[in-house]
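Inside the fold
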Amino acid sequence: MPLWGSEGRRAVGGGRWVEGSAKVGVDRRAGPVVANGVGSEGDEVRWAVGGGRLVNGDTPSVPIQNPESKIQNSKSTLRVKRGWRNDELIVMYSGNMGLGHRFGEILEAARRLNIEHRTSNIERRSEEACSSASEIETNLIQNPESKIQNHPSPSFRFVFYGAGKRRREIEAFVREHSGAAVELHDYAPAEELEAHLLSADVHLVSLDAAWTGTMVPSKLQGIFAVGRPVIFVGSGESSIGRWVLESGGGWVVEPEDVNGLLAALEEARDPAVRASKGNAAGEFAKLHFDRQTNAARVAEMFTR
């Protein structure tokens, strides 16, 4: 969220926000760019000005200090509670679903992956059916739970948490693809937010190119803070795109590039790749999204 000073000439947001704000009369030379920050106490600093006073935004975030110590317990506990299996790769979109976000590419990727998975299951069951009765019987006796199972086992599970004007697109998809591994929920409770973000293997962030320079999704800060990689669907020239590329904390997929999104998801299957990008994301958050550092920069802007 951007900050406007009393003269309407200072801004907080991303670099592209400052560039875009020049179109509506904001002097881009008037002050530094300061990113939204995350504090060690767990609250995200999103600045706004109301009645001449500086106030915090209402979206909490998570600590950026050594989240590794909590990852296994909080992740596994919440995943079990939500019914997610260990062999599923959880792809999460968590936050606002507003007019400036994109979901078409994400939902199309989910549709294709669901078809791919169903096809592979059919082929697998066909091969199993060709096995001799004695082989099947022997396998079931030796390991009754590991062989033929009736429930679907998708490689990916897409989970959406949040609300907004574009939520209806996801609702329609879920209705039309009732068998797909896609879930839609309300916002996660604030007290669960850290474990919630940690429970995903990879996160999704999106921004319509038309909003580049005027909107900076702030969900990236919390995701990076817990050391999770991000697939960003949007322009590589946007602030989010630049941060993801500069940090090495994820992938940038241009709008309309469904194949590019599928390629990123394929790379995200590799736990070593996810760990490497997640670590890079966490380090970037410490350097650029720290509340204390960025709050001091904001204060300095007002004392000039």
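Residues numbered from 1 in each chain as written. Predicted model: local features only at pLDDT ≥ 70, side-chain atom pairs only at ≥ 80, totals over all residues. Heavy atoms only, no water.

Considering the overall build of the protein
To be explicit about the condition: Where helices and strands are cited, they refer to DSSP runs of H or I of at least four residues and of E of at least two residues respectively, numbered from the N terminus. Burial here depends on accessible area, computed with a 1.4 Å probe over protein chains only, as a share of the maximum for the residue type. Under 20% is buried, over 50% is exposed, and the range in between is partly exposed. Contacts between residues were defined by any pair of non-hydrogen atoms, one from each residue, lying within 4.5 Å.
Summing up its helical and strand segments, the protein has 11 helices and 10 strands in all. Relative to its 304 residues, the protein shows a buried fraction of 48%. For the protein, long-range pairs separated by at least 24 residues make up 69% of all intrachain contacts whose partners lie at least 6 apart in sequence.

Describing the packing of helix H8 (residues 239–247) against helix H10 (residues 271–288)
Pairs of packed helices are described in terms of their axes, by the angle between the two and the distance that separates them. How we decide: Note on definitions: angles span 0 to 180 degrees between N-to-C directions of axes, and those axes are lines fitted to C-alpha atoms, for helices only across the stretch in contact. Definitions for this section: a left-handed crossing has its near helix turned counterclockwise from the far helix by less than a right angle. A right-handed crossing has that turn clockwise.
Closest axis-to-axis distance for the H8/H10 pair is 9 Å, and the angle between their directions is 115°. The interaxial crossing formed by H8 with H10 has right-handed handedness. The segment H8 lies against H10, with Trp243, Glu246 and Ser247 engaging Ala280, Phe284 and His288.

Re helix H11 (residues 291–303)
Which entries qualify depends on this criterion: Multiply 1.5 Å by the residue count of a helix minus one, and that product is the helix's expected span. As used here, the arc is the angular range of directions from the helix axis to the C-beta atoms. Pairs of N or O atoms within 3.5 Å make up the polar contacts considered here, provided that, within protein, one atom can donate a hydrogen while the other can accept it, and that residues adjacent in sequence are counted only when both atoms are side-chain atoms.
Along its 13 residues, H11 runs 18 Å from first to last C-alpha, staying within 8% of the 18 Å computed at 1.5 Å per residue. Considered for burial, the residues of H11 that qualify are Asn294, Val298 and Met301. Axial view of H11: buried residues confined to an arc of 50°, hence all on one face. Away from its buried face by more than 90 degrees, H11 exposes Gln292 and Thr303. One side-chain oxygen at the N-terminal end of H11 lies 3.3 Å from the backbone nitrogen of Gln292; it belongs to Asp290.

So, the pattern of salt bridges
Here is the rule: By definition, a salt bridge exists where a carboxyl oxygen of Asp or Glu is found within 4 Å of a side-chain nitrogen of Lys or Arg.
If you walk through the whole model with that rule in mind, you get 17 salt bridges. Between Asp87 and Arg85 there is a salt bridge, and its shortest N-O distance comes to 3.1 Å. For Asp87, a relative accessible area of 52% gives the class exposed. Owing to a relative accessible area of 24%, Arg85 belongs among the partly exposed residues under this scheme. With its nearest N and O atoms 3.1 Å apart, the salt bridge here joins Arg167 to Glu171. Here Arg167 pairs with Glu171, and both are found in helix H5 (residues 167–176), just four residues apart, close to one helical turn. For Glu171, a relative accessible area of 31% gives the class partly exposed.

Regarding unusual backbone geometry
Notably, Glu256 is not glycine yet its phi reads approximately 75°, a positive angle. Of note, Glu256 is situated in the loop between strand S10 (250–253) and helix H9 (258–268). Taking the relative accessible area as the measure of exposure, Glu256 reaches 64% and is therefore exposed.

Points about the packing of aromatic side chains
The way to describe two aromatic rings as a pair is by their centre distance and the angle between their planes. Rules: Pairing of aromatic side chains here covers Phe, Tyr and the six-membered ring of Trp, requires ring centres within 6.5 Å, and sorts the geometry by plane angle: under 30 degrees stacked, over 60 edge-to-face, intermediate tilted.
Inspection of every chain in the model, using the stated rule, returns seven aromatic pairs. Plain terms: the ring middles of Tyr93 and Phe103 are 4.9 Å apart, the flat faces sit at 70° to each other, and that makes the pair edge-to-face. You can see Tyr93 sitting in strand S5 (residues 89–94) and its partner Phe103 sitting in the loop between S5 and helix H3 (104–130), a full 10 residues away along the chain. The structure contains a cluster of three or more aromatic residues connected by ring pairs, namely Phe224, Trp243, Phe284 and Phe289.

Quick look at the sheet that holds strand S8 (residues 202–206)
Just so we agree on the cut-off: Two strands are counted as paired when DSSP detects at least two bridges linking them.
If you trace the six strands from one edge of the open sheet to the other, you get S7-S6-S5-S8-S9-S10, paired in parallel fashion. Only two strands of the sheet have a single neighbouring strand rather than two, namely strand S7 (182–185) and S10. Across the sheet, the mean angle from the axis of one strand to that of its neighbour is 20°, orientation sign disregarded. Pairing geometry for S5 and strand S6 (residues 156–161), over six bridges, is parallel.

Brief notes about the environment of Glu105
Tracing the backbone through its elements, the reader meets Glu105 in helix H3. Taking C-alpha positions, Glu105 is 7.5 Å from Pro255, a pair spaced 150 residues apart along the chain. Every residue in contact with Glu105, bar those within four places of it in the chain, is listed here: Val233, Pro255, Glu256, Asp257, Val258 and Leu261. At 2.7 Å, the side chain of Glu105 and the backbone nitrogen of Glu256 are in polar contact.

Topic: the pairing of S5
Here S5 lies mainly inside the structure; six of its six residues are buried. In S5, alternate side chains face the same way, and those of Leu89, Val91 and Tyr93 on one face and Ile90, Met92 and Ser94 on the other are all buried.

Observations concerning the side chain of Glu88
Inspection of the secondary structure assignment puts Glu88 in the loop between helix H2 (68–81) and S5. A polar contact of 2.9 Å, which involves the side chain of Glu88, links it to the side chain of Arg157.

Focus on the nonpolar core
For clarity, the cut-off: The term nonpolar core refers to a set of buried residues drawn from Ala, Val, Leu, Ile, Met, Phe, Trp, Tyr and Cys, joined through side-chain atoms within 4.5 Å.
The biggest cluster of nonpolar side chains holds 30 residues, and the ones touching the most others in it are Phe158, Phe160, Ile231 and Leu265. The element that contributes the greatest number of residues to this core is H9, accounting for six residues. If we skip the residues at most four places from it in the chain, Ile231 touches Val202, His203, Leu204, Val205, Trp251, Val253, Leu261, Ala264 and Leu265. Grouped together as the second largest cluster of nonpolar side chains are 20 residues, Leu193, Leu198, Leu207 and Ala285 included.

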